[in-house]
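An overview of the molecular structure
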Amino acid sequence: MSIVSELEEVKSCSSHFVLAINDTLNVISGKWKLPIIGSLMYGKKRFKELERDIAKITPRMLSKELKELEVNGIVSRTVHPTTPVTVEYELTASGRSLKQVLEPMVEWGVQHRKRIFGK
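Worth saying up front: this structure is predicted, and the values here are computed from it rather than measured. (Residues numbered from 1 in each chain as written. Predicted model: local features only at pLDDT ≥ 70, side-chain atom pairs only at ≥ 80, totals over all residues. Heavy atoms only, no water.)

Spatial ordering of the open sheet is given by E1-E3-E2, a layout of three strands whose pairing is antiparallel. Edge positions in the sheet fall to strand E1 (45-46) and strand E2 (75-80), since each of these pairs with one other strand and no more. Where E2 meets strand E3 (residues 86-91), six bridges bridge the pair, whose relative direction is antiparallel. The residue of E3 that forms the bridge with Val-79 is Val-87. Helix H3 (residues 33-40) rests against E1, E2 and E3 of the sheet, and its axis sits at about 95 degrees to E3. (Pairing = 2+ DSSP bridges. Helix = DSSP H or I, 4+ residues; strand = E, 2+ residues; numbered from the N terminus. Contact = heavy atoms within 4.5 Å. Axes fitted to C-alpha atoms, helices over the stretch in contact; angles between N-to-C directions.)

Counting residues in hydrophobic clusters, the biggest one holds 18 residues, and the most contacted among them are Ile-36, Ile-37, Leu-40, Leu-66, Ile-74, Val-75 and Tyr-89. Listed by contribution, the elements that provide at least two residues to this core are H3, helix H5 (59-71) and E3. Leave out the neighbours within four places in its chain, and Ile-74 touches Val-27, Ile-37, Leu-69, Glu-90, Leu-91, Thr-92, Ser-94, Gly-95 and Leu-98. (Core = buried A, V, L, I, M, F, W, Y, C linked by side-chain atoms within 4.5 Å. Buried < 20%, exposed > 50% of the residue type's maximum accessible area, 1.4 Å probe, protein only.)

Here it is as structure tokens:
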């Protein structure tokens, strides 16, 4: 079955549609996963760089979320044998494909902020 026909089948059935939404939310849900993915859209980053990019995230929470994203195939972790050891995180192909989801969310967020705050 082609991806197009599979998507059409999902869109034609509410229970399949809801299942697909739940699958997506299981991977990207939570307060921190989308900001982490958004930061990594700009390229490889080390742990401290991610920590600086994402205001108010604790090291413990960043570590937990990165592990979950890695398990779900969204982020890859590369350890470089330097002294001290350097660890870099980057999006996988699957993670980069989320750009299609994030861009409309960012556009909506900018417009919504303007409507609510008038800026």
